[in-house]
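Close look at the chain arrangement
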Amino acid sequence: MIMTGSLKSLLPHVLRRIVRSNRLSISNTSGMAAGYKQANIVILHKSLADDFEKFCRANDGPLPLLYRSKPGDWGCPSLSSESDIRTDCLQYRIYEHGTCTGSLKNLKEYSEQLKDMVTFYLGCSFSFEKTMQNAGIPVRNVEQKCNVSMYKTAVPCYNVSTFCCNLVVTMRPIPESKLEAAVLATSELKEAHGAPVHIGDPSLLGIRDLSKPDYGDPVHLHPGDIPVFWACGVTGVEAVISCRAPLAFTHSPGCMFITDLKNDNSTVKSSREAPQIYCISQDPLLYSFVSAEAAQKIKTLETLIGIDPGERGIAHLQQQNELLKACLSISHARAVLITTGFPTHFTYEPPEENDGPPGALAIAAVLQALEKEVAIVTDQRAMNLNKKIIEEAVQLGVLKRPVPLLSYQKENDDSALMFLCENGNPRRPRFDHLIAIERAGMAADGNYYNARKVNIKHLVDPIDELFLAAQTIPGVKTTGVGDGGNELGMGKVKDAVKKHIKNGDVIACDVEADFTIVAGVSNWGGYAIACALYVLSTCEIHDRYLRKAVGFPQFSNKAVWLSALPSVTKEEKLLKTLVRHGVRSGKTASLEMEVDGLPFYNTHSLMIEKLL
């Protein structure tokens, strides 16, 4: 038998010859023929071939199609010379009516049946392991001399005909300091599954226990390692099981077909297309990524809204990349709860100011366009006012449809949890992101203050409790948008508010949000969130990560998303609606400029006519 020592340096055609002679004492091909492409194998009856190819095209992250043979063709001339698919994998599996009925060293005894069958060669992540090592990234499964870990997920693939299954992923532990390098090293190797589809907690993919892979071997994490998941060609095995074909063959997971093609034909991304990595949650751990170009646009938005027309000193409250990280988190959310309302005009009826509602509706409009669930929670006393505003926003075309309007009152210690979760169960949250924009926030003494230190607690329902409760619910994140430090969520920067903002020692909000967006006018922050979500939705790198590289990009909806963005016309209509209902201005500002070719305008607050 030939041992593993010198196999890494052997050329593919030599390795195939050795495999064919059944003289290897290895259980998988990880690390073999380093730098050459390896392939997953699926062999199906010719009557299923067209549908399976469509399935591969629809899920090209896990199933990058390298070659499709003709019926009965045992070679693959564009991938290798002198190969025979009947003999050139270390081990095969046979499936009958969706059940694995055995393992085989070769398929020669099925040569007659293979004459009516088609072989699909699908890209494999073993192909990029040498690239990662060259970039200084440890490959733990190679270090530990074992197969890579492979897991079934709860992520459905795009179904085609009888091919209906969930995504399978590989996991490689990566040191946190090497995450961005790992994404960059693999993102252009699309024939080897490309960039990761998930970085962080495996439970978010429906994986319960990393120590128990569905295929392959457990790979142990070193201290400081983060689990990183790539789409896996074993998804094809699951597809074979789902179609219940009378007879089918696959490689045995980890026992790949080694091609003669090198991984040296990828194009290097320009700096503006390179992915950037951001941690957006610690519980559960979740990283997201976006192109440098999209990130820069959002950073430009953050700079623009940070202009301080009232000279309040808000520059001392601003934290870098909060807008970007908040919107990355929102883009991952399924359902979003928005709250707004600051009764600064406490001697009038209604006491609300018109900074807040337009920004809240701008966020809601884009969330609707992105087909996310969205609701608004407000004070009980303001329900009728907000209901009318929402109804008119629909009539004016600002909103696609009415937004559910909720109120919150504390009845007992579990009220907030019952409001946010089904039956108060933290494992079943109704919302996974909460946004407060220009919402009165509770100070350290339990009161609510306007900028002039006037206590307005009698006009404010305890919606802060929802943000406090969210801190105890894994996976629920919060964003606060404000312009003075007394708004809900500004507790994250309360020390700076107390030091630099007039009356800050009294008015500073004590309740923190995970992300704090500080703007010259809070509506600007709402408009920036809406536009940043659009930027992320049109970013190919981020879109692929969100959909886990299965299915198709939704860029055909770009016109719908664009039409949902805030504009001069929309805000003028909304402001007139607010005035008609007695809502007064709380602050004014004037700003008109162009940044990076993107025009911005405002009358009362920031106006965005178009983004691109």
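For clarity, every value in this text was computed on a predicted model and none was experimentally measured.

As for the nonpolar core
In this structure, Ile199, Val290, Ile338 and Ile529 are the most contacted members of the largest nonpolar core, which totals 86 residues. Residue contributions to this core peak at 11 residues, all from helix H16 (residues 522-537). Counting residues domain by domain, this core receives three or more from each of domain 1 (9-262) and domain 2 (288-611). One finds Cys124, Val169, Val197 and Ala549 within the second-largest nonpolar core, a separate group that totals 46 residues.

Brief notes about the confidence of the model for the chain
Averaged over all residues, the pLDDT of the chain is 92; the fraction at 70 or higher stands at 93%. In the model, residues 588-612 has pLDDT below 50 throughout and makes 80 contacts with residues more than four positions away in sequence or in other chains.

Quick look at the pattern of salt bridges
Applying the stated criterion across every chain yields a total of 26 salt bridges. Linking Lys325 and Glu322 is a salt bridge whose minimum nitrogen-to-oxygen distance equals 3.9 Å. With a gap of 3 residues between them, Lys325 and Glu322 both fall in helix H9 (residues 322-332), about one helical turn apart. A residue is classified by how much of its surface remains accessible, and Lys325, at 22% relative accessible area, is partly exposed. Put simply, Glu352 and Arg381 hold a salt bridge, and the shortest N to O gap is 2.6 Å. Linking Glu352 in the loop between strand E15 (335-341) and helix H10 (357-369) with Arg381 in the loop between strand E16 (373-378) and helix H11 (383-395), this pair joins segments that are 29 residues apart in sequence. Taking the relative accessible area as the measure of exposure, Arg381 reaches 35% and is therefore partly exposed. Several salt bridges share partner residues, and in doing so they unite Asp50, Glu53, Arg57 and Arg68 into one network.

Digging into the packing of H9 against H16
Where H9 meets H16, the closest approach of the two axes is 9 Å, and the angle between their N-to-C directions is 65°. In this structure, H9 crosses over H16, and the sense of that crossing is right-handed. Across the interface between the two elements, Leu323, Cys327, Leu328, Ile330 and Ser331 from H9 touch Ala528, Ile529, Ala532, Leu533 and Leu536 from H16. Each residue belonging to the contact of H9 with H16 can be placed in one class, and the counts come to 9 nonpolar, 1 polar and no charged.

With respect to unusual backbone geometry
Cis rather than trans, the peptide bond between Asp283 and Pro284 has omega equal to -5°. Structurally, Pro284 can be placed in the loop between strand E13 (275-282) and strand E14 (285-291). Residue Pro350 follows Glu349 across a cis peptide bond; omega there is 0°. Checked against the element boundaries, Pro350 lands in the loop between E15 and H10. In the Ramachandran plot, Glu438 falls in the positive-phi region, its phi being about 45° despite a non-glycine side chain. Within the secondary structure, Glu438 is located in strand E18 (residues 433-439). The backbone of Asn503 shows a phi angle near 65°, a positive value even though the residue is not glycine. By the element assignment, Asn503 lies in the loop between helix H14 (494-500) and helix H15 (504-507).

Regarding H11
Within an α-helix, residues lying three or four positions from one another point in the same direction, as the helix has 3.6 residues per turn. Between the first and last C-alpha of H11 there are 18 Å, a value that for 13 residues agrees with the 18 Å anticipated at 1.5 Å per step. All of the buried residues along H11 are Met383, Leu385, Asn386, Ile389, Ile390, Glu392 and Ala393. On its buried side, H11 packs onto H10, E16, strand E17 (405-407) and helix H19 (568-580). Immediately downstream of H11, the backbone of Gly397 shows phi near 85°, a positive value.

Details of the sheet that holds strand E7 (residues 166-175)
Adjacent strands of a sheet pair through backbone hydrogen bonds, lying either parallel or antiparallel. Taking strand neighbours across the sheet as the criterion, the 7 strands line up as E9-E6-E7-E10-E8-E14-E13 in an open arrangement whose pairing is antiparallel. On the outer flanks of this sheet lie strand E9 (215-216) and E13, each paired with one strand and no other. Of the strand pairs in this sheet, E7 and strand E10 (residues 225-231) are connected by 7 bridges, and their pairing is antiparallel. Bridging across to E10, Val169 finds its partner in Ala231.

Re helix H2 (residues 46-58)
The end-to-end C-alpha separation of H2 is 19 Å, in line with the 18 Å expected for 13 residues at 1.5 Å each. Within H2 the residues assigned to the buried category are Leu48, Ala49, Phe52, Glu53, Phe55, Cys56 and Ala58. Looking at the buried residues of H2, the elements they touch are strand E1 (36-45), strand E2 (65-68), strand E5 (117-123) and helix H7 (235-243).

Quick look at the sheet that holds E17
The 6 strands lie next to each other as E17-E16-E15-E18-E19-E20, forming an open sheet whose pairing is parallel. The two strands at the open ends of the sheet, each matched to only one other strand, are E17 and strand E20 (515-518). With strand direction ignored, the average angle separating the axes of adjacent strands in the sheet is 25°. As paired elements, E15 and E18 share 6 bridges and run parallel to each other. Of the residues in E18, the one forming a bridge with Thr340 is Ile437. The strands touched by H9 are E15, E18, strand E19 (477-482) and E20; relative to E20, the strand with the most contacts, the crossing angle is about 130°. Against the sheet, H10 makes contact with E15, E16 and E18, and its axis sits at roughly 165° relative to E15, the strand it touches most.

A short note on the environment of His13
Among the structural elements, His13 can be located in helix H1 (residues 12-20). Between the alpha carbons of His13 and Ala33 there is a distance of 9.6 Å; along the sequence they are 20 residues apart.

Details of the environment of Gln471
In this fold, Gln471 is placed in the loop between helix H13 (464-470) and E19. Sequence separation between Gln471 and Leu261 is 210 residues; the distance between their C-alpha atoms is 50 Å.

Things to note about the domain arrangement of the chain
Its domain assignment divides the chain into domain 1 (9-262) and domain 2 (288-611). Here the C-alpha centre of domain 2 lies 44 Å away from the C-alpha centre of domain 1. Tallying the contact residues gives 20 residues for domain 1 and 8 residues for domain 2. Taken over both partners, the interface formed by domain 1 and domain 2 buries close to 1,000 Å², and the fraction arising from carbon and sulfur atoms is 61%. When the buried surface of domain 1 facing domain 2 is broken down by residue, Ala58, Tyr158 and Val197 rank first, second and third, together holding 34% of it.

Brief notes about the environment of Leu90
The topology assignment puts Leu90 in the loop between E2 and strand E3 (92-96). On the accessibility criterion, Leu90 (10% relative accessible area) is buried. The spacing of Leu90 and Ile174 is 84 residues in sequence and 28 Å in space, taken between C-alpha atoms.

Rules used in this analysis
Chains are numbered independently. Their residues run from 1 in the order of the written sequence. Owing to the predicted nature of the model, reporting of local features is limited to residues with pLDDT of at least 70; listing and counting of side-chain atom pairs is limited to 80 or more, with chain, interface and lining totals taken over all residues. Heavy atoms throughout the structure, all of them, feed into the side-chain values; hydrogens and water do not. Grouping buried Ala, Val, Leu, Ile, Met, Phe, Trp, Tyr and Cys residues that are joined through side-chain atoms within 4.5 Å yields what is termed a nonpolar core. Three exposure classes are used, based on accessible area relative to the maximum for each residue type with a 1.4 Å probe and protein chains only: buried under 20%, partly exposed in between, and exposed over 50%. By definition, any uninterrupted DSSP run of H or I lasting at least four residues is a helix, any uninterrupted run of E lasting at least two residues is a strand, and each is numbered from the N terminus. Domain start and end points were adopted from an automatic or database domain assignment. By definition, pLDDT measures how confident the predictor is in each residue, and it falls between 0 and 100. Here, residues are in contact when the closest pair of their heavy atoms is within 4.5 Å. Basic side-chain nitrogens of Lys or Arg form a salt bridge, by our definition, when they fall within 4 Å of a carboxyl oxygen of Asp or Glu. What counts as an axis is a line fitted to C-alpha atoms, over the stretch in contact for a helix, and the angles between N-to-C directions run from 0 to 180 degrees. Handedness of a crossing follows from how the near helix is turned relative to the far one, being left-handed for an anticlockwise turn of less than a right angle and right-handed for a clockwise one. Classes in brief: Ala, Val, Leu, Ile, Met, Phe, Trp, Tyr, Cys and Pro nonpolar; Asp, Glu, Lys and Arg charged; the others, Gly included, polar. Given the number of residues in a helix, its expected span is that number minus one, multiplied by 1.5 Å. Strand pairing is assigned whenever DSSP identifies at least 2 bridges connecting the two strands. Accessible area that two parts lose when put together, with a 1.4 Å probe and added across both, is what the buried area reports.

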